[in-house]
Amino acid sequence: MNNIIGQAFKLGDDVNTDINCSSKYAPGKDSQFISTIAFEQLNPGFSQRLKQAQGGIIVAGEHFGINSSREQAIAVLHLMQVRCILAPSFGRQFFRNAINNGLAILECDTSQISDGANLNIDLLTGLVQVESKQTIQASLLPKEVLKIISMGGLIPFLNQHPDWNFQA
Amino acid sequence: MGSTISEKILAAHAGVSEVKAGQVVVCNVDFAMVTDTRAGNAFQVMKKLDKPALGFAKNTAMVLDHYSPPPHEEAAQTHQSMRNFSKQTGTHLYDIGDGICHQVLPEGGHLTSGNLIVGTDTHSTTYGAFNAFGTGIEGSDVVGVMTSGKIWLRAPQTVKVHLDGQLQPGVWAKDITLTMLGKFKAEGLNYKAIEYVGTAVSAMDIDDRMTLCNHAAELGAKAAILEADEKTINWLNAHGAKTPQPVFADADARYEQEIRINVSDLIPQVARKHAVDDIVGVNEITQQKIQFALIGTCTNGRLDDIRQAAAILKGKKLAPGVRMIITPASRQIYLAALREGLIEIFSMAGASFESAGCGTCVGITNHLVPGDHEVVISTANRNFKGRLVNPNADIWLGSAATVAASALTGYITDPRTIDGGTWRAVA
């Protein structure tokens, strides 16, 4: 549960998920459609390769999700079978949206992770094992955040814990 | 070690004695806001609730401002749903033309000093002008608030910015926010709270203080917050807000960084096309022709913005080939401008004065689409390529005075060189 395994799919700095991973500029298109073309402009074939690998881990640069607030981006990432996102920093609202929609998200230095590397991430310790030869320490997620992610997001959490009890 | 304003407000709303930056807390919210851009998503999220009890709806406002008026059926239907929802749940409703969310919330008396306010728009930082912690959220968050009255927040680090000295006539809060963007760059203060203090803040009227806090969103800030003073309290009382509970930082509060900017030497600034952080003094720009001049948005659509533009355009005509639109931030501001005779000044100058809304800021209504190679100067907060639909047009940003001066000459112009360009309200 707390370990996520997968291949690294790299993206660069300042990726705006409104532009690259939502229908903000493709009105009327649903998440299913967007999931087939997401990040295409930045990295042709990105979505197709993720699909062939049956999902994976997005490894990005600074400010992933910058200037974008749309929750739809997370729905699209789930459809693309993205299991976790690693980046040194995230757009503030993107970070919240990932947690609120049950997508694991960790802040760490990603400069040493190459595209296609096999990763093993321990959410509890924040340790990212890269190809069994290198380990990167990510910022620890607060226990409340881990709880919300593990329950699949904020609304599933509140359905179970309308009193916001994180201990139960 | 003491606490910052943000840490104190979050602690008070979490029911704990102390909150430190980095800590996650669950806070009681005082008021929530949903705009028409995110309402559709919020309604979808509501369907995931096992028990659709939305007890907090009465402390929530639905604001129909971005799609104002609606440009397609999808937006019109979202508006219908918002109106119906408001009737069923007692949510406050601000309909088309009533104004932009960040203006109608304070005008409607929905917030006061010491409050925690959340809204489905990045520029919810604006409420910090009233010493409230205001921050932007999305659909899941706001549905969580409507059902439980609470939200989880990670307490931000605070950056303290001293604005020393005094702004010279013709220089405004927008010139400070652009300076900040040039210094820290877009998202340079991501996740952080900003506390602005100093003589220049004290001297500002409420309209300029709202600009200061509003435009912090482009710095990536989670909140931007000022101390409450007599001006704040008088304004809140005049708008029927609940009794202000001013919150001050402790003398030994821990700041992530503290910087000082002396604004006495500051001149009007502009953001060059396509980037909010490509900032330059307006005097360095020569022979930059413009075709559109826009005054409005949640950043600079307030009465003092409209007054400073009117002072420049009074009895004059726009430069040939320039089209100008003024969009007040709310119906109350529209009425005030009407009563002061400002609308006539703009109309006589050849400009259009439109009803309140977000239309000229973001190209989702097709309200205003510039042609290829046309140059827009706007008081908006963002100028990304294609922000007004056409990626082959350029958008520059400046204060209302700079925009009006540019509309008059047809070139990006320092307002201080124009008769009326150094207007300032008499205290």
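Quick caveat: nothing in here was measured; it's all calculated off a predicted structure. (Residues numbered from 1 in each chain as written. Chains lettered and ligands numbered in written order. Predicted model: local features only at pLDDT ≥ 70, side-chain atom pairs only at ≥ 80, totals over all residues.)

1. Things to note about the overall build of chain A
So, point 1. On a plain count of helices and strands, chain A comes out with 7 helices and 7 strands.
So, point 2. Helices and strands in chain A line up, N terminus first, as β-α-α-α-β-α-β-α-β-β-β-β-α-α.
So, point 3. Over its C-alpha trace chain A gives a radius of gyration of 15 Å, about what one expects of a compact globule, namely 15 Å for 168 residues.
So, point 4. The buried share of chain A, reckoned over its 168 residues, is 45%.
So, point 5. A sequence separation of at least 24 residues applies to 66% of the contacts in chain A between residues at least 6 apart. (Helix = DSSP H or I, 4+ residues; strand = E, 2+ residues; numbered from the N terminus. Rg over C-alpha atoms; globule rule 2.2 N^0.38 Å. Buried ≥ 20, exposed ≤ 12 C-beta atoms within 10 Å, placed from the backbone. Contact = placed C-beta atoms within 7 Å.)

2. Description of the packing of helix H2 (residues 39–46) of chain B against helix H3 (residues 73–89) of chain B
All names here are of chain B.
So, point 1. Close contact between H2 and H3 brings their axes to 9 Å; oriented N to C, the two are set at 60°. Viewed along their axes, H2 and H3 adopt a mutual orientation that is oblique. In the packing of H2 onto H3, the handedness of the crossing is left-handed. Across the interface between the two elements, Ala 39, Gly 40 and Phe 43 from H2 touch Thr 78, Ser 81 and Met 82 from H3.
So, point 2. When grouped by side-chain class, the residues that make up the contact of H2 with H3 number 3 nonpolar, 3 polar and no charged. (Axes fitted to C-alpha atoms, helices over the stretch in contact; angles between N-to-C directions. Parallel < 35°, antiparallel > 145°, perpendicular 65-115°, else oblique. Left-handed = near helix turned anticlockwise from the far one by under 90°. Nonpolar A, V, L, I, M, F, W, Y, C, P; charged D, E, K, R; others polar.)

3. As for the packing of helix H11 (residues 303–313) of chain B against helix H14 (residues 400–409) of chain B
Residue and element names in this part refer to chain B.
So, point 1. Where H11 contacts H14, the two axes come as close as 8 Å, and the packing angle between them is 30°. With respect to H14, the axis of H11 lies roughly parallel. The way H11 lies across H14 gives a crossing that is right-handed. From H11, Asp 305, Gln 308, Ala 309, Ile 312 and Leu 313 reach across to H14, where they touch Ala 400, Ala 401, Val 403, Ala 404, Ala 405 and Leu 408.
So, point 2. Split by residue class, the contact of H11 with H14 holds 9 nonpolar, 1 polar and 1 charged.

4. Remarks on the pairing of strand E18 (residues 394–397) of chain B
All names here are of chain B.
So, point 1. Going residue by residue along E18, you find Asp 394 and Trp 396 tucked away on one face and Ile 395 and Leu 397 tucked away on the opposite face as well.
So, point 2. Bridging between strand E17 (residues 375–378) and E18 involves 4 bridges; their strand directions are parallel. Across the sheet, the residue bridging to Ile 377 is Trp 396, located in E18. (Pairing = 2+ DSSP bridges.)

5. Considering the nonpolar core
So, point 1. Ranked by internal contacts, the top residues of the largest apolar core, which has 192 residues, are Ile 85 and Ile 105 of chain A together with Leu 10, Ala 309 and Ala 404 of chain B.
So, point 2. Summarising the domain contributions, this core has at least three residues from each of domain 1 (5–262) and domain 2 (271–417) of chain B.
So, point 3. The contacts of Ile 85 of chain A, once residues within four sequence positions are left out, are Ile 58, Ala 60, Phe 64, Ala 98, Leu 103 and Ile 105 of chain A. (Core = buried A, V, L, I, M, F, W, Y, C linked by C-beta atoms within 7 Å. Domains from an automatic or database assignment.)

6. Description of the sheet that holds strand E8 (residues 158–164) of chain B
Residues and elements named next belong to chain B.
So, point 1. With parallel pairing, the 4 strands of this open sheet are ordered in space as E10-E9-E8-E11. Because the sheet does not close on itself, it has two edges, and the strands there are strand E10 (223–226) and strand E11 (257–262). On average, each strand axis in the sheet is inclined to that of its neighbour by 20°, with strand direction left out of account.
So, point 2. Summarising the sheet, E8 and E11 pair through 6 bridges and their orientation is parallel. Residue pairing across strands places Asp 164 opposite Asn 262, the latter belonging to E11.

7. Concerning the sheet that holds strand E6 (residues 127–130) of chain A
Residues and elements named next belong to chain A.
So, point 1. Taking strand neighbours across the sheet as the criterion, the 7 strands line up as E4-E3-E2-E1-E5-E6-E7 in an open arrangement whose pairing is mixed. Each edge of the open sheet is held by one strand with a lone partner, namely strand E4 (104–107) and strand E7 (134–137). Neighbour to neighbour, the strand axes of the sheet diverge by 30° on average, direction disregarded.
So, point 2. Two strands pair when backbone bridges link them, and strand E3 (residues 82–87) and E4 are joined in this way by 4 bridges, in the parallel orientation. By the bridge assignment, Cys 84 is partnered in E4 with Ala 104.

8. With respect to the domain arrangement of chain B
Residues and elements named next belong to chain B.
So, point 1. Each domain of chain B was delimited in the assignment, giving domain 1 (5–262) and domain 2 (271–417).
So, point 2. Using C-alpha coordinates to define each centre, domain 1 is positioned 25 Å away from domain 2.
So, point 3. Counting from both sides, the interface comprises 34 residues of domain 1 and, opposite them, 34 residues of domain 2.
So, point 4. A total of 6 residues in the side of domain 1 that touches domain 2 trace back to one element, the largest contributor, which is helix H6 (residues 173–184).
So, point 5. For the side of domain 1 that touches domain 2, the class distribution of residues is 10 nonpolar, 14 polar and 10 charged.

9. Examining the interface of chain A and chain B
Accessible area lost upon the coming together of the parts serves often as the stated size of an interface.
So, point 1. Taken residue by residue, the interface counts 21 residues in chain A and 25 residues in chain B.
So, point 2. Put simply, the parts of the chain that give the side of chain A that touches chain B at least two residues each are helix H5 (92–100), helix H6 (143–150) and helix H7 (154–160) of chain A.
So, point 3. Ranked by residues supplied to the side of chain A that touches chain B, first place goes to H5 of chain A with 5 residues.
So, point 4. Across the side of chain A that touches chain B, the residue classes break down as 8 nonpolar, 9 polar and 4 charged.

10. Concerning the environment of Asn 190 of chain B
So, point 1. Its location among the elements puts Asn 190 of chain B in the loop between H6 and strand E9 (193–197).
So, point 2. When the C-alpha atoms of Asn 190 of chain B and Ala 173 of chain B are compared, they prove to be 21 Å apart, with 17 residues separating the residues in sequence.
So, point 3. Setting aside chain neighbours within four positions, we find Asn 190 of chain B in contact with His 63, Ser 89 and Arg 92 of chain A together with Gly 220 of chain B.

11. Section: the pairing of E3 of chain A
Residues and elements named next belong to chain A.
So, point 1. Burial runs high along E3: 5 of the 6 residues are buried.
So, point 2. Bridge count between strand E2 (residues 56–59) and E3: 4 bridges; the pairing is parallel. Across the sheet, the residue bridging to Ile 57 is Cys 84, located in E3.
So, point 3. Since E2 and E3 lie parallel, the crossover through helix H4 (residues 72–79) that links them has a hand, and here it is right-handed. (Right-handed = clockwise from strand over helix to strand, strands pointing away.)

12. Points about the confidence of the model for chain B
So, point 1. Averaged over chain B, the pLDDT score is 96; the fraction of residues at 70 or greater is 100%.
So, point 2. Quick note on the complex model: pTM equals 0.96, ipTM equals 0.93. (pLDDT = per-residue confidence, 0-100.)

13. Points about the environment of Glu 62 of chain A
So, point 1. Within the secondary structure layout, Glu 62 of chain A lies in the loop between E2 and H4.
So, point 2. Separated by 50 residues in the primary sequence, Glu 62 of chain A and Gly 12 of chain A place their C-alpha atoms 7.6 Å from one another.

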